[in-house]
Amino acid sequence: MDRPTPPALSQFVLKVHSRCDLACDHCYVYEHADTSWRGRPRAVSEEILAQVADRIAEHARRHRLPTVHVVLHGGEPLLAGPGRLRRAAEELQRALRHVSALDLRMHTNGVLLDEEFCELFLELGIKVGVSLDGDKVSNDRHRRYADGRSSHAKVIRAVELLNRPRYRPLFAGLLCTIDVENDPLAVYDALVALAPPRIDFLLPHATWDTPPPRPGGAATPYADWLDAIYRRWDAAGRPVPVRIFDSVLRTLRGEASLTESLGLAPADLVVIETDGTFEQADSLKTSYDGAPATGMDVFTHSLDDVLQHPGMLARQQGAEQLCAQCRSCPVVQSCGGGLYAHRYRSGNAFDNPSVFCPDLLALVTTIRDREAAVSAPMPTPAQLPVEQDDLEALAAGFGGAGTVTRLAAAQLDINQELLAAVSECVALSDRDGAAAWELVTHLDAEAPAELDAVLAHPYTRPWALGVLEGRAAPAAGLAEIAAATALRARLERSVTVPLRDGVLRLPGLGSVRLGAGAEHAEVTGGADGFTVRAGNRRLDIGWHEGLDGPTPHWHPVRLFEGEGWSVAIEDTDPLRDRHKWPVAERLAADEAKLWAEDLTGAWSLIRRELPAYADGVAAGLGLITPLHAPHGSNVSAACKEAWGAIGVARPASPDRLALLIVHEFQHVKLAAVLDAVDLYDKTDRNLYYAPWRDDPRPIGGLLQGTYAHIAVTDFWRVRRTTADDAAQRSAAEAEFARWRQQTAEAVEELLGSGSLTDLGQRFVGRMGETVCGWLDEPVSGAALTAAVGSARRHRTAWKARVEGRAE
């Protein structure tokens, strides 16, 4: 039997220096079982840097990796000096250009960090994580110089440097190794006071041969230590992402962990030492001397060779590679057996639970039970026929075919209820209306599927609301619904339909232009087409007539048929003017051809590059109304009452059309959700800051804009690696940086508004998780600085306008 191909590697720890300027006594590199560092070069050579970059690019190209994550590490990487660090970054950028995005980071103890390094990192787009174990007392317990001096003051200086506005975009977060002798709250408070973008708490490295300290024989001291912080963190509103807590919460929801120490995701990390040898995860150095070694190097072996190493394969098998005790554990999906190195015991190697097993079990179950007690799962209201997972997917900004199909069914229910309400508006004296309603009731029994298809037309609801609000009479719409249903069902039945300014409207099928003077038309269906009689005029129209060229009277709806998606190009319906922009007139044949070509390109891009949206679009977007705008304008709109429709002025390129489609369909989905549930206080008349607009927005408008811009951000996120040329990729990167910054700020504005319902808080919080997941993705220093600076200037200007109005 062929061995299955393992997943690709996407995370690379590149050792640029093998020595350190501190002597931390809990360091796994120098103080634990492995001693291989003694025989390695102090600094990586330029030859090795070039070969490493080429090997990573080779692997990324073969596996089509969208992003490659590289951490410059040590020892202490700053000891390599600015020149070598520049060379490392430039080699990686060279090799990965036009292949994958590069997420380049560094992890440092911070004592050497200065403005020169920060300017270099800003230029090269290198994010910086800093090790700090909390307050001075806690930090100095382990993180000292060899002569015993404290490192705390210099590390604090480094963090303060990273918190300067110019360098803040570089700051990746703080890493803290747990010592249960330290006061957990003092540690946490000291770290939070430094305003890091993320905090990592790491269990100290230990094995069954060298177990971790358990003061006083406590059963779960590490879980207790972390739980004290969790309670403080949770009570404060979770002010900063904490990787271990976020990972537990994510795995409890069935999502992927953010750290290799939790969850069952296959390992995708490899280490490259200063001598060019490939090693497994550094944490294995705590197991036994030589544990991480693979016997492979960058000159002789590819990364696919490394993936076939038995140690790498063992960490690709999920629950199957765990011991029997772990496989039967109720929290195995979250714990994942803990960090691989922590399972080691002489005699049976890694076939054991983690040496921290009691702590991991206690931590996961405590968080699980507390979450269940204080925060019920996102409710699924009875009127919204979606499962819990569907609502979660929608809240994240997505939603597949099943979810969107259920939304569509709920919208059809609304239209059916509106139709029943319209029937009650038919006056006894309205003979046309009464006759049309009677025919509709007969068709409901005779051709229910065809009637539902007509009722599902996007402009059915706006018409019905117009009738109920007294702005329209019911007869014409009811007769149009009956006629279109009979024609769809190929019934040889005559229906008399009132005209709209000389136009016979057949929703979803097309329109017949009969000219001024005619008030009614009789429509009779048949197998090959249908007949229209108006006064002395008779038109015999074939089903396929008018699709390929102009006809004087019959304007059929054109359909775009893509792979897995059929959408109507609606340029005939007299009721289509619902999108706040002027609609285009009937498209000429050459313009219709351009629409078809651009939709082909746009749909191909969506399916290929935005698969998280494609199935939902195919299931729910059934109609596009061309709008009138200058050629190349990015004009699009959605109407909250017109489920399944968007309006678009054809832009200059298919990729822009793809962007407008996914953007506007976000509005369509959220409008359907809001039909069923209250996400915010509808009596709120306050106006809120919208990062992409000069004017403040009502709470509903801000929510709609933020939700739509999740797709906008995701579009540019993808295009920065897939656009055709370097200039386009650079522009896409700048757009991604800008939109993710603005969308993240908008999420914060919503969550702080005080106007969201409990469900709204959870819904928007889930939106925020999607956006926050992108904040760590790599962009160039220039793009990041421009985005942050633009956001800061926009908010400052907005505040000035608000204060000016107040005066």
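These numbers come from a predicted model, not from an experiment.

A.B. asks: Please explain the packing of aromatic side chains as it appears in this structure.
C.D. replies: When we look at a pair of aromatic rings, we describe it by the centre distance and by the angle of the planes. Counting across every chain of the model gives 16 aromatic pairs. A ring pair is formed by Tyr 230 and Trp 233, whose centres lie 5.5 Å apart and whose planes are at 55 degrees; its orientation type is tilted. With Tyr 230 and Trp 233 both in helix α7 (residues 221–235) and 3 residues apart, the pair spans about one turn of that helix. In this pair, the class of Tyr 230 matches that of Trp 233, namely buried. With a centroid separation of 4.8 Å and an interplanar angle of 45 degrees, the aromatic rings of Trp 565 and Trp 603 are classed as tilted. On the criterion of sequence distance, the pair formed by Trp 565 in strand β18 (residues 565–569) and Trp 603 in helix α20 (residues 589–609) is long-range, its members being 38 residues apart. Note on Trp 565: relative accessible area 2%, which makes it buried. Each residue in the set Tyr 288, Tyr 340, Tyr 344 and Phe 350 is aromatic and connected to the rest through ring pairs, giving one cluster. Over the face of the ring belonging to Tyr 145 we find Arg 149, whose NZ or CZ atom lies 4.1 Å from the ring centre.

A.B. asks: Where do I start with the environment of Gly 129 in this structure?
C.D. replies: Residue placement: Gly 129 occurs in strand β4 (residues 126–131). Remark: the alpha-carbon pair of Gly 129 and Phe 278, spanning 149 residues in sequence, is separated by 23 Å. When sequence neighbours within four positions are dropped, the list of residues in contact with Gly 129 reads Met 106, His 107, Thr 108, Ala 172 and Gly 173.

A.B. asks: When you look at unusual backbone geometry in this model, what are you seeing that I'm missing?
C.D. replies: Glycine aside, residues mostly have negative phi angles, and peptide bonds mostly take the trans form. Gly 74 connects to Gly 75 through a cis peptide bond whose omega is 20 degrees. Relative to the elements of secondary structure, Gly 75 occurs in the loop between β2 (67–73) and α2 (81–96). Even without being a glycine, Ala 349 presents a positive backbone phi close to 55 degrees. The residue Ala 349 is located in the loop between α12 (332–335) and α13 (357–374) in this model.

A.B. asks: Can you walk me through helix α8 (residues 243–252) in this structure?
C.D. replies: The α-helix winds at 3.6 residues per turn, so residues separated by three or four positions along the chain end up facing the same way. Of all the 10 residues making up α8, 7 are buried; the element is thus mostly covered by neighbouring parts of the structure. Gly 254, located one to two residues past α8, shows a positive phi value of around 85 degrees.

A.B. asks: I would appreciate a short explanation of the side chain of Arg 461 in the present structure.
C.D. replies: Mapped onto the secondary structure, Arg 461 falls in helix α18 (residues 460–468). Once you skip the residues sitting within four places of it in the chain, Arg 461 turns out to touch Gln 411, Ile 414, Asn 415, Leu 418, Lys 640, Glu 641 and Asp 675.

A.B. asks: Looking at this model, I keep getting lost on the sheet that holds strand β21 (residues 645–648). Mind explaining?
C.D. replies: Pairing between the strands of a sheet comes from backbone hydrogen bonds, and it takes one of two forms, parallel or antiparallel. Reading across from one edge, β17-β18-β19-β21-β20 is the order of the 5 strands in this open sheet, with mixed pairing throughout. What marks the edges here is a single partner per strand, and that holds for β17 (558–562) and β20 (636–637). Relative to strand β19 (residues 623–626), β18 is paired through 2 bridges, and the arrangement is parallel. Of the residues in β19, the one forming a bridge with Ala 568 is Leu 623. Here α20 sits on the sheet and contacts β17, β18, β19 and β21; the angle it forms with β17, its principal contact strand, is near 25 degrees.

A.B. asks: Is there a simple way to explain the pattern of salt bridges in this structure?
C.D. replies: When the charged atoms of two side chains lie near each other, side chains of opposite charge can form a pair. Tallied over the full model, the rule gives 55 salt bridges. Among the salt bridges present, the one from Glu 273 reaches Lys 15, with a minimum N-O distance of 3.6 Å. Residue Glu 273 is located in the loop between β7 (269–272) and β8 (277–279), and its partner Lys 15 is located in strand β1 (residues 11–15); the two are separated by 258 residues in the primary sequence. Given the relative accessible area of 3%, Lys 15 is considered buried. A salt bridge links Arg 738 to Glu 735; the nearest nitrogen and oxygen atoms lie 2.8 Å apart. Residue Arg 738 and its partner Glu 735 are located together in helix α24 (residues 726–751), separated by 3 residues, close to a single helical turn. Here Arg 738 falls in the partly exposed class, since its relative accessible area comes to 27%. The network of salt bridges with common partners includes Lys 15, Arg 40, Glu 273, Asp 275, Glu 279, Asp 282 and Lys 285.

Thresholds applied
- Residues numbered from 1 in each chain as written.
- Predicted model: local features only at pLDDT ≥ 70, side-chain atom pairs only at ≥ 80, totals over all residues.
- Heavy atoms only, no water.
- Phe/Tyr/Trp six-rings, centres within 6.5 Å; stacked < 30°, edge-to-face > 60°.
- Helix = DSSP H or I, 4+ residues; strand = E, 2+ residues; numbered from the N terminus.
- Buried < 20%, exposed > 50% of the residue type's maximum accessible area, 1.4 Å probe, protein only.
- Lys NZ or Arg CZ within 6 Å of the ring centre and 35° of its normal.
- Contact = heavy atoms within 4.5 Å.
- Pairing = 2+ DSSP bridges.
- Axes fitted to C-alpha atoms, helices over the stretch in contact; angles between N-to-C directions.
- Salt bridge = Lys/Arg side-chain N within 4 Å of Asp/Glu carboxyl O.

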